[in-house]
Structure formats: structure tokens, C-alpha cells
Amino acid sequence: MFKIKNNDGKARIGNMKIGGIEVETPIFMPCGTKGSVKSLTNADIKEIGYDLFLCNTYHMMLRPGEGFVAKKGGLHRWINWDRLLLTDSGGFQVFSLGKNNKITEDGVEFSSYLDGEKRFLTPEEAMRIQHKLGANIVMAFDECAPGNSSHEYARKAMKRTHNWVLRCIEEHKKLEATNPKGQILFPIAQGVVYEDLRIESTKFMAALPLPGLAIGGLSVGESKKDMYGTLEAISLYFPEEKPRYLMGVGSPEDIVEAVYHGIDMFDCVLPTRLARHGTFWTLDGRHHIRNAKYRNQDAPLLEDCDCYACKNHSVNYIFHLCQENEILGTRLLTIHNLRFLKNLTTWIKEAIREGRYAEFREKFMKRFVK
């Protein structure tokens, strides 16, 4: 499934092959939370350069429901996507969208944000739902403890996550034995920002007979210093032969730093969310399209950018669209932000191949982070 092609320190380039489709890491995965990447068609996603994106188990199970999707032939057929899909387990949303959730060793009771209906999600049920959805990569059910959790609670949540992943593995085996779909299961290491817990969880998950490793709970309000420090501490225990996936992280500076510590995969709603709020990226950081300085600028959003927006439209036109709340403005900024991250991973790979990633990281951070 996964082979290392180049190394430069801990930074690396890998080739991941799933179901006959190959993707090169480091890779960013756009979020198609409810079955679509907001404002884009699947043809747009391919044109921007992506072969893999993420759908959200929590939202899909509530509406339209995994049974409905299964009757339509699974996510790939229903949304008309012939490349790769990843579904998360729903664990993060269960914890982040409900203040009165009841967590037990068996699972989590929560209320649907749609109608208040009580639901109970277990590790086994998370596997059954993802099996019906039919994504290529599925995630184990975990407890994503808040970033301000005490050490005592963080340990309890981590231990619960360890117990749950073992149950996920057993249910995954049963599902694949009776109705094989070739799904790949990733475990999720937790531990908040406590170094001892993070190391323990990383070692536990890395030792499981699974083809990948995900790191969860490092984009839940902690400081960048804590995030980077945690990555540095656990990077010594990353499995060499498995892809490492940092969940919920997608800012350019975080991607550049995380690759330095050996991360291969990323996902985040950030590029699409920022676009909906009029924000776009250049090599000089974040910019807001409604800034008055863009009213008369004829240049593209970013010189030499090869995205559709930059090749075809001026900043002042996109400024006008956003001022008038035209949907096309959001669409163009979304295309640009996603292409920027795609180009960023290309630049990262070039630097790794040439053995100059440390230099690339230093120069990028000085320019991008103000």
C-alpha cells in the first residue's frame, strides 16, 4: 500500500496505492463534509489536482443516512466520484457538536443536531456505518478529548480510545469477511498535549496490525507551540512503513511544519471555510478580498498561480463579486485556496527531493507567518 520514495531528515515522499489508484504524499485532502466540497463540482476537484477527499460519517449518518447511501450503491456511485474517499469515524463531531453527550465505555449517547433525537454510537456501529458508506479509508472510533483536559481525564479518554480501536478492528474484520470492500482502517492516537500520553498512544497505535497511523486531537484549540512540540516528541515513534495522517490540520504553515516532523497526510475545512469568508492565501500569508486596496487592482490573487481563478480573473473582479455576495466569488476563492495547498505540497516534494527541506521550511515560515 505504501512505499517511501525520498527522505530528507524526517520529511519524506511516499507513494500510496489503494484500489489501483496511486497518490503521492505529502498530500492534503479537501473536506467534502456532507458529500461535496462546498461550491465545487467533482470535476473541479479533479482539475485542481485532487484524487482523494474526505466525507463526514457523523453528518452522513444523520442525513441522508448510511442505509440510503448504501441503497444508492455507496458514496462513490451516489456522488459520482471515481477516485478515493476517506470517511472519519464521527467521533470528533460527536464530542464537538454536543455539550450534553454521555460517554461510557460502550460508546457515546448524543442528540442529533438536526432534530434532537437521541442516538448511541459505538465503535462497532461506527465501523458498520462506514462500511455501508463504502469509503476506501475508514477511521477507528475515538474520543477526542478537549485541549484543556486534565492529565487524569486525558488518560481516561486515551485508554478508552485504545479499547475502542481493538473493538473496531474486530468488527472491521467481520464486515470484510462477509462483504469485502477492501477498506483500509486507520487507528487514531490521542493524548491531548501531554507528552507521556502522546508517546504512549502513538506507540500503542503504531504497533497495531493496521496499514496507517492517524494523530487526532491536535487542532482543538491548543497553541501552535504545543502542537509542534507534541509532533516533535512523538515523531521518534512513528512507524516508518506506514503513512502518518494529522487530522484536522490544513493551514499552510502547519503543513510545512508537520511535514518537517514526518507527517504524510492532512485534511481540514480551512481552505473552503476561509474562502466563504473572503480570505485567500498567497506566499505572504492570509489576505481578505474585501480590503479596499483590491478594489482597483488588475493583478490576479497571486502572480504565477496556475489556478482557474488566477488565470482568468483579476483581484478587482473577485472583490466586486464578494462585495455583491455573488456565489462565484466564493467559488473562485475556494478554487484558489485548494490549488494553493496543492501547489504547496508540490513545492514541499521538490525541496525534499533536492535535500533542502530545512531551508525551504525556514524561508517559507519567515515570509508566510507574520
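Preceding this paragraph is the structure being described.
Residues numbered from 1 in each chain as written. Predicted model: local features only at pLDDT ≥ 70, side-chain atom pairs only at ≥ 80, totals over all residues. Heavy atoms only, no water.

## Some remarks on unusual backbone geometry
Part 1 of the reasoning: Following Thr-25, the chain continues into Pro-26 via a peptide bond in cis, with omega recorded as 5°.
Part 2 of the reasoning: Along the chain, the position of Pro-26 falls in the loop between strand 3 (21-25) and strand 4 (27-30).
Part 3 of the reasoning: With an omega of 15°, the peptide bond running from Arg-63 to Pro-64 counts as cis.
Part 4 of the reasoning: Along the chain, the position of Pro-64 falls in the loop between helix 2 (57-62) and helix 3 (66-71). (Helix = DSSP H or I, 4+ residues; strand = E, 2+ residues; numbered from the N terminus.)

## Re the packing of helix 9 (residues 224-234) against helix 10 (residues 252-260)
Part 1 of the reasoning: It is the contact of helix 9 with helix 10, at a shortest axis distance of 10 Å, that shows an interaxial angle of 20°. The angle between helix 9 and helix 10 falls in the class roughly parallel. Like other packed secondary-structure pairs, helix 9 and helix 10 cross with a definite hand, here right-handed. Seen from helix 9, the contacting residues are Lys-224, Met-227, Tyr-228 and Leu-231; seen from helix 10, they are Glu-253, Asp-254, Glu-257 and Ala-258.
Part 2 of the reasoning: Looking at side-chain class alone, the contact of helix 9 with helix 10 contains 4 nonpolar, no polar and 4 charged residues. (Axes fitted to C-alpha atoms, helices over the stretch in contact; angles between N-to-C directions. Parallel < 35°, antiparallel > 145°, perpendicular 65-115°, else oblique. Left-handed = near helix turned anticlockwise from the far one by under 90°. Contact = heavy atoms within 4.5 Å. Nonpolar A, V, L, I, M, F, W, Y, C, P; charged D, E, K, R; others polar.)

## With respect to the side chain of Thr-345
Part 1 of the reasoning: Considering the arrangement of structural elements, one finds Thr-345 in helix 14 (residues 327-353).
Part 2 of the reasoning: For Thr-345, the contacting residues outside a window of four places in its chain are Pro-26 and Phe-28.

## Concerning the environment of Glu-240
Part 1 of the reasoning: Here Glu-240 shows up in the loop between helix 9 and strand 14 (244-246).
Part 2 of the reasoning: Taking the C-alpha atoms as reference points, Glu-240 and Ala-189, 51 residues apart in sequence, are found 16 Å from one another.

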